[in-house]
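Below are the chains, spelled out letter by letter.
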Amino acid sequence: QKEVEQDPGPLSVPEGAIVSLNCTYSNSAFQYFMWYRQYSRKGPELLMYTYSSGNKEDGRFTAQVDKSSKYISLFIRDSQPSDSATYLCAMKGFNKFYFGSGTKLNVKP
Amino acid sequence: GAVVSQHPSRVICKSGTSVKIECRSLDFQATTMFWYRQFPKQSLMLMATSNEGSKATYEQGVEKDKFLINHASLTLSTLTVTSAHPEDSSFYICSAPDRGQANTEAFFGQGTRLTVV
């Protein structure tokens, strides 16, 4: 079983839609959870970072962590074509980061 | 957020030659840096963990003599692909957690697209 599971998509939505991206994980010791956005042929860019369970909001982005279900989500409100990218979830274990495979999002104008 | 600079962004080299990729943390100190390889439409594959002042830790299956890592200072790590072959062509990315942030967030370089011809 992979440490982190993420649906690769692609996910295609119309402009203005609410997007929900999700990851599940197996290691209950994970405490730090991150979402990255990666444009084609670029390095990942940190979007959101949360510690333990709960919600965190930053503009149009909301990150949720449910440690009891080992499930994390990223919501994007009022999605824009510029949000089209691959979104990677990540978790920090002991001295190492674990990444999902990434979900490719396409927001159509 | 913290800035990690990776250079070069793109390099083409001939088979048998060596290529050096640099990764610098510009506004923070990084005792640890990670080197990843990313294949098309796939996630990041950790190759090795670079530690300032000590030997790098390589993941299983990664040849340490082929992928030489040096972490010379708290702001610089280098990856040298030695005797490159076409199968080494890939996207290489470094990342560094911010020691000042308890190493909880990893910041990435821009990546290096290596093509071996």
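Residues numbered from 1 in each chain as written. Chains lettered and ligands numbered in written order. Predicted model: local features only at pLDDT ≥ 70, side-chain atom pairs only at ≥ 80, totals over all residues. Heavy atoms only, no water.

Engineer: So what's going on with the confidence of the model for chain A? Residues and values would help.
Structural biologist: The predicted coordinates of low-pLDDT regions are not to be read in fine detail. Here chain A averages 92 in pLDDT, while 99% of its residues score no lower than 70. Mean pLDDT across the secondary structure elements of chain A bottoms out at strand 10 (residues 96–99) of chain A, with 86, and peaks at strand 8 (residues 71–76) of chain A, with 97. (pLDDT = per-residue confidence, 0-100. Helix = DSSP H or I, 4+ residues; strand = E, 2+ residues; numbered from the N terminus.)

Engineer: Before we move on, could you go through the pairing of strand 10 of chain A and cite the residues and values that matter?
Structural biologist: Residue and element names in this part refer to chain A. Of the two faces of strand 10, the one lined by Phe97 and Phe99 is fully buried and the one lined by Lys96 and Tyr98 carries no buried residue. Here strand 9 (residues 85–93) runs beside strand 10; their pairing, made up of four bridges, is antiparallel. Bridge pairing in strand 10 places lysine 92 opposite phenylalanine 97. Connecting strand 9 to the antiparallel partner strand 10 that follows it, the hairpin turn spans two residues, and asparagine 95 within it adopts a positive phi of roughly 65°. (Buried < 20%, exposed > 50% of the residue type's maximum accessible area, 1.4 Å probe, protein only. Pairing = 2+ DSSP bridges.)

Engineer: A description of the sheet that holds strand 7 (residues 61–66) of chain A should follow, citing residues and the corresponding values.
Structural biologist: All names here are of chain A. Strand order in the open sheet formed by five strands is 1-3-8-7-6, and the pairing between neighbours is antiparallel. Each end of this open sheet is capped by a strand with a single partner; those strands are strand 1 (4–6) and strand 6 (54–58). The mean angle between the axes of side-by-side strands here comes to 15°, regardless of whether they run parallel or antiparallel. Bridge analysis of strand 6 against strand 7 gives five bridges, and the strand direction is antiparallel. Within the sheet, the bridge partner assigned to glutamate 57 lies in strand 7 and is threonine 62. (Axes fitted to C-alpha atoms, helices over the stretch in contact; angles between N-to-C directions.)

Engineer: I'd like a description of the packing of aromatic side chains, backed by residues and values.
Structural biologist: Considering all chains together, one arrives at 14 aromatic pairs over all chains under this definition. An angle of 90° between the planes, with centres 5.4 Å apart, marks the rings of phenylalanine 99 of chain A and tyrosine 36 of chain B as edge-to-face. With phenylalanine 99 of chain A in strand 10 and tyrosine 36 of chain B in strand 4 (residues 32–38), this residue pair bridges two chains. Owing to a relative accessible area of 1%, tyrosine 36 of chain B belongs among the buried residues under this scheme. The exposure class of phenylalanine 99 of chain A is buried, given its relative accessible area of 12%. Ring pairs connect the aromatic residues Tyr36, Phe97 and Phe99 of chain A together with Phe34, Tyr36 and Phe108 of chain B, which therefore count as one cluster. One Lys or Arg, lysine 92 of chain A, reaches over the ring of phenylalanine 97 of chain A and ends 5.8 Å from the middle of that ring. (Phe/Tyr/Trp six-rings, centres within 6.5 Å; stacked < 30°, edge-to-face > 60°. Lys NZ or Arg CZ within 6 Å of the ring centre and 35° of its normal.)

Engineer: Lay out the interface of chain B and chain A with the relevant residues and their values.
Structural biologist: Facing 22 residues of chain B, the contacting portion of chain A comprises 18 residues. Our enumeration of links across chain B and chain A arrives at one salt bridge. Counting across the interface, chain B meets chain A through five residue pairs in polar contact (both at pLDDT 80 or more). For the side of chain B that touches chain A, the secondary-structure elements that each account for two or more residues are strand 4, strand 5 (44–51), strand 9 (90–97) and strand 10 (106–108) of chain B. Its residues assigned to classes, the side of chain B that touches chain A comprises ten nonpolar, eight polar and four charged. (Contact = heavy atoms within 4.5 Å. Salt bridge = Lys/Arg side-chain N within 4 Å of Asp/Glu carboxyl O. Polar contact = N/O pair within 3.5 Å; in protein donor to acceptor, adjacent residues only side chain to side chain. Nonpolar A, V, L, I, M, F, W, Y, C, P; charged D, E, K, R; others polar.)

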